[in-house]
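Descriptive structure summary
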Amino acid sequence: MLFAVTMDVAIPHDLDPDVRADTLAREKAYSQDLQRGGEWVSIWRCVGQYSNLSIFDVADNARLHEILWNLPLFPYMTIAVTPLAQHPSDIAAG
Ligand SMILES: O=C(O)CC1=CCC(=O)O1
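Just so you know, these numbers come straight off a predicted model, no measurement behind them.

So, the packing of aromatic side chains
On inspection of all chains with the given rule, the structure shows two aromatic pairs. Each ring, one from Trp-40 and one from Phe-56, has its centre 4.6 Å from the other, and the planes form 40 degrees; the classification is tilted. With Trp-40 in strand β2 (residues 40-45) and Phe-56 in strand β3 (residues 51-57), this pair connects stretches of sequence that are 16 residues apart. When sorted by exposure, Trp-40 lands in the same class as Phe-56, which is buried. Measuring from ring centre to ring centre gives 5.2 Å for Trp-69 and Phe-74, while their planes differ by 50 degrees; the resulting arrangement is tilted. Exposure remark for Trp-69: the relative accessible area of 52% places this residue in the exposed category. A relative accessible area of 30% places Phe-74 in the partly exposed class.

Printed below as a string of structure tokens:
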């Protein structure tokens, strides 16, 4: 199942710098592991915002929830999920 997910990040300015750096490093490793595994298909920066737009290809809603819930930055994110279906005009779909 395909999902488009936007993640808006708002890290508190008074967060301990070491905690901030550790959280960002764990977020990057977590994301890249899932990208290598094929579930996190792509990640794009939303221009001018501390936000990303990502595409996930996962087994079901529960798996997407598990992935998002375990994001190291989850406590500092506002997340919006859009389930995707094939578009009838998509030439790649045949
Ligand atoms: O958009 C960001 O910077 C937050 C994020 C999600 C996965 C990642 O590596 O960074």
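Remarks on the pairing of β2
Pairing geometry for β2 and β3, over five bridges, is antiparallel. Its bridge partner being in β3, Arg-45 is matched across the sheet by Asn-52. The antiparallel pairing of β2 with β3 creates a hairpin that spans five residues between the two strands, and Gly-48 there sits at a positive phi of about 80 degrees.

Overview of the sheet that holds β2
Read across the open sheet, the four strands follow the order β2-β3-β1-β4; overall the sheet is antiparallel. Looking at strand neighbours, the two that pair on one side only are β2 and β4 (77-84), the edges of this open sheet. For this sheet, the mean angle separating the axes of adjacent strands, direction not counted, is 20 degrees. Across eight bridges, the pairing between strand β1 (residues 2-9) and β4 is antiparallel. Its bridge partner lying in β4, Phe-3 is registered against Pro-83. Against the sheet, helix α1 (residues 17-37) contacts β2 and β4, and its axis sits at roughly 135 degrees relative to β2. Strands in contact with helix α2 (residues 61-69) are β1, β3 and β4; relative to β1, the strand with the most contacts, it is inclined by about 20 degrees.

What counts and how
- Residues numbered from 1 in each chain as written.
- Predicted model: local features only at pLDDT ≥ 70, side-chain atom pairs only at ≥ 80, totals over all residues.
- Heavy atoms only, no water.
- Phe/Tyr/Trp six-rings, centres within 6.5 Å; stacked < 30°, edge-to-face > 60°.
- Helix = DSSP H or I, 4+ residues; strand = E, 2+ residues; numbered from the N terminus.
- Buried < 20%, exposed > 50% of the residue type's maximum accessible area, 1.4 Å probe, protein only.
- Pairing = 2+ DSSP bridges.
- Axes fitted to C-alpha atoms, helices over the stretch in contact; angles between N-to-C directions.
- Contact = heavy atoms within 4.5 Å.

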